[in-house]
Amino acid sequence: MRRLMNETDLRASRLIAPIFVRHGDGIMEPVEAMPGVNRYSVDKLEGYISRLQDAGIRAVLLFGLPESKDELGSQAYASDGVVPRAIAEIKKAAPSVLVAADVCLCEYTSHGHCGVIKDGKVDNDLTLPLLARAAVEYARAGADMVGPSAMMDRQVAAIRKALDDSGHQETIVMGYSAKFASSFYGPFREAAGSAPSFGDRKSYQMSGANSREAIREIEEDIKEGADVVMVKPALAYLDVIAKARARFNLPIAAYNVSGEYSMIKAASSNGWLDERMVAMEVLTSIRRAGADMIITYFAEQAANWLKESA
Ligand SMILES: [Zn+2]
């Protein structure tokens, strides 16, 4: 009876698993602040992807950890960079898995900011062509979807145009449209080695106090050609997801970020919370708020839990 009456369904097909891909060979390296999450070298991806597929996960989002970093983040758009190689590897091993790639510079720049630094500040317009180049490299490697996350103005338009001009009209763009300057990103920065070396990201990410601004940012991304729009983080911003759902007809993604994952892991490892029940409650709440798809570090576990309870 409860299942018949449930208004919200959580399914494995709604979940996207983020994957950290690093340089090197034969490496599967745990991320300390995110129990159960690893960084994989490209050669180790195939095994992990087949585990995800067994669980029922059909979509992944890649983040790269390059061997070297520089001022301009050049490994983000190198054609033999770690992310293009990972995309090609996954598409070869599992052609039916949707591969999305995060497009940003922060994992690749020596200063850890999402854009090019000029006179001590992130320069929006100098960053756009580099993001566009990265997106084209990922599309060329076989990515189905690219996700610009730098929060630079006009980044979706720059990427859409570069994709179209290079013959990648079918590659879709998922805008990290409403990305808040959040303290919930802490564990991710350990995982991706992307903490800024000076200042913070508040000049380009949004204030957590603003939901009307979030709607404006989403509107802008839609005008620029985004196919999917995202709200990030998810849990502390469910109202923003719900507002976006009521207002826009595009698919909405929500990013259940690292801190949202790690706090459940930490509390449950202390016996203070029931991990499975709490994680499923959180994921259901994100769906109920209106997200069509959820990017979550719980993807594999949640998919297995869903199978168990089916
Ligand atoms: Zn970034």
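Details of the structure are given in the entry above.
The model shown is predicted, which means the values in this text are computed figures rather than measured ones. (Residues numbered from 1 in each chain as written. Predicted model: local features only at pLDDT ≥ 70, side-chain atom pairs only at ≥ 80, totals over all residues. Heavy atoms only, no water.)

Visitor: Could you give an account of the layout of surface pockets, with specific residues and numbers?
Guide: The space that makes up the largest pocket amounts to roughly 790 Å³. Around the largest pocket, the lining comprises 17 residues; the ones closest to its centre are Arg 3, Asn 6, Thr 284, Leu 306 and Ser 309. Sorting the residues of the lining of the largest pocket by element identifies α1 (2–5), α10 (275–289) and α11 (299–309) as the ones contributing at least two each. Considering every element that reaches the lining of the largest pocket, the biggest residue donor is α10, with 6 residues. Split by residue class, the lining of the largest pocket holds 6 nonpolar, 4 polar and 7 charged. Of the pockets and cavities examined, the second largest pocket occupies roughly 370 Å³. (1 Å grid on protein atoms, 1.4 Å probe; cavity = no way out; pocket = protein on both sides within 12 Å on 5 of 7 lines; lining within 4 Å. Points joined across faces, edges and corners; volume = space filled by probe spheres on them. Helix = DSSP H or I, 4+ residues; strand = E, 2+ residues; numbered from the N terminus. Nonpolar A, V, L, I, M, F, W, Y, C, P; charged D, E, K, R; others polar.)

Visitor: Please provide a residue-by-residue account of the coordination of the zinc ion, values included.
Guide: Each donor-metal-donor angle would ideally measure 109.5 degrees in four-coordinate tetrahedral geometry, or 90 or 180 degrees in six-coordinate octahedral geometry. Taken together, the protein donors to the zinc ion comprise Cys 104 (SG), Cys 106 (SG) and Cys 114 (SG), at separations of 2.2 to 2.3 Å. Mapping the donors of the zinc ion onto the primary sequence gives the spacing C-x1-C-x7-C. With respect to class, Cys 106 is no different from Cys 114; both count as buried. (Donors = N, O, S within 2.8 Å, 3.2 Å for Na, K, Ca; no water. Buried < 20%, exposed > 50% of the residue type's maximum accessible area, 1.4 Å probe, protein only.)

Visitor: Hey, could you go over α11 for me, with residue numbers and the actual values?
Guide: All of the buried residues along α11 are Ala 299, Glu 300, Ala 302, Ala 303, Trp 305 and Leu 306. As for α11, its buried residues are in contact with β1 (15–22), α2 (45–55), α10 and β12 (293–296). (Contact = heavy atoms within 4.5 Å.)

Visitor: Describe the nonpolar core, with residues and values.
Guide: Among soluble globular proteins, nonpolar side chains are generally buried collectively. Counting residues in hydrophobic clusters, the biggest one holds 113 residues, and the most contacted among them are Ile 19, Phe 20, Val 60, Tyr 138 and Tyr 255. Examining the composition of this core, we find that 9 residues originate from one element, helix α4 (residues 124–141), more than from any other. (Core = buried A, V, L, I, M, F, W, Y, C linked by side-chain atoms within 4.5 Å.)

Visitor: Which residues make up the pairing of β1, and what values go with them?
Guide: A large share of β1 lies buried, amounting to 8 of its 8 residues. A two-sided burial pattern is seen for β1, the buried positions comprising Leu 15, Ala 17, Ile 19 and Val 21 on one face and Ile 16, Pro 18, Phe 20 and Arg 22 on the other. Note that β1 and β12 share 2 bridges and pair parallel. Residue pairing across strands places Leu 15 opposite Ile 294, the latter belonging to β12. For β1 and strand β4 (residues 59–65), the ladder comprises 6 bridges, and the chain directions are parallel. Residue pairing in the sheet places Arg 22 in a bridge with Leu 65 of β4. (Pairing = 2+ DSSP bridges.)

Visitor: Give a description of helix α5 (residues 155–165) that names residues and reports values.
Guide: Buried residues of α5: Gln 155, Val 156, Ala 157, Ile 159, Arg 160, Ala 162 and Leu 163, and no others. Buried residues along α5 sit against β5 (98–103), α4, β8 (145–148), β9 (172–179) and α7 (212–224). Count one or two residues on from α5 and you reach Gly 167, which has phi positive near 85°.

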